[in-house]
Amino acid sequence: MDNNGYIPQQPQAGYVPPQGGYIPPQQPVYGGRSIEEVSFGKLFGLSIITCGIYSLIYYAKRADDINYLTARYQKPLMNFWLVYLLLSGITCGILPLVWMHQFCNRIGEEANRRGINTGNFSASTFWIWCVLLSFIGVGPIIFIYKLTEVTNALARDYNARGLF
């Protein structure tokens, strides 16, 4: 408070003070992290260019994000790299299917908990589009599109409201 009884207020984002200088808008960051949105085009294009390596990195990152979002009320998913690189051969490819089932269910449950309209994204989405309709070629592509839409909606919601 100054001599005239004026209490200075915190400057608003975008305010340019008389001395110059710009105060950028602040993005809320909860828990010291934010969740990045990845477009379907970027995921699809980079996965083709890198022969699938980018999609593995995408799934690992999304699994970490989902574990972070659901840590307070669910047991974390098994580590993506452990499942896909070490245990998939030992289990003849069954464990990655089980992991994807759990991963998709967890995404759908978190989206429903946050009130995000997902079009009923769940493990059945994975089994129908990625497994049963894989023979038509576009089934897995549609699944990846649905997955990116739901995870981007979760990222937007978390970056706006944080954990709750």
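Residues numbered from 1 in each chain as written. Predicted model: local features only at pLDDT ≥ 70, side-chain atom pairs only at ≥ 80, totals over all residues. Heavy atoms only, no water.

## Some remarks on the side chain of Thr70
Among the secondary structure elements, Thr70 is positioned in helix α2 (residues 53–70). For Thr70, a relative accessible area of 1% puts it in the buried group. (Helix = DSSP H or I, 4+ residues; strand = E, 2+ residues; numbered from the N terminus. Buried < 20%, exposed > 50% of the residue type's maximum accessible area, 1.4 Å probe, protein only.)

## Things to note about helix α3 (residues 80–90)
Residues of α3 that are buried: Phe80, Val83 and Ser88. Along the axis of α3, the buried residues cluster in a sector spanning 60°; they form a single face. Seen from the buried face of α3, the exposed residues on the opposite side, beyond 90 degrees, are Leu85, Leu86, Gly89 and Ile90. Where α3 is buried, its residues touch α2 and α4 (94–113). At the N-terminal boundary of α3, the capping side chain belongs to Asn79, with an oxygen 2.8 Å from the backbone nitrogen of Trp81. In the segment just after α3, Cys92 is the residue with positive phi, at about 55°. (Arc of directions from axis to C-beta. Contact = heavy atoms within 4.5 Å. Polar contact = N/O pair within 3.5 Å; in protein donor to acceptor, adjacent residues only side chain to side chain.)

## Brief notes about the nonpolar core
One finds Tyr59, Trp99, Met100, Phe103, Ile107, Phe143 and Leu147 to be the most contacted residues of the largest nonpolar core, which totals 29 residues. Every element with two or more residues in this core is listed here: α2, α3, α4 and α6 (139–161). Not counting chain neighbours up to four residues away, the residues in contact with Tyr59 comprise Phe80, Trp99, Met100, Phe103, Phe143, Ile144 and Leu147. (Core = buried A, V, L, I, M, F, W, Y, C linked by side-chain atoms within 4.5 Å.)

## A short note on the side chain of Asp157
Tracing the backbone shows Asp157 in helix α6. On the basis of relative accessible area, Asp157 is assigned to the buried category, the value being 13%. When neighbours within four sequence positions are excluded, Asp157 is seen to be in contact with Arg114, Ile116, Gly162 and Phe164.

## Structural notes on the pattern of salt bridges
All told, the structure shown has eight salt bridges when counted by the stated rule. Across the pair Glu110 and Arg113 runs a salt bridge, and its minimum N-O distance is 2.9 Å. One end of the pair, Glu110, and the other, Arg113, are both in helix α4, three residues apart, so they sit about a helical turn from each other. Among the charged side chains, a network of salt bridges with common partners joins Glu110, Arg113, Arg114, Asp157 and Arg161. (Salt bridge = Lys/Arg side-chain N within 4 Å of Asp/Glu carboxyl O.)

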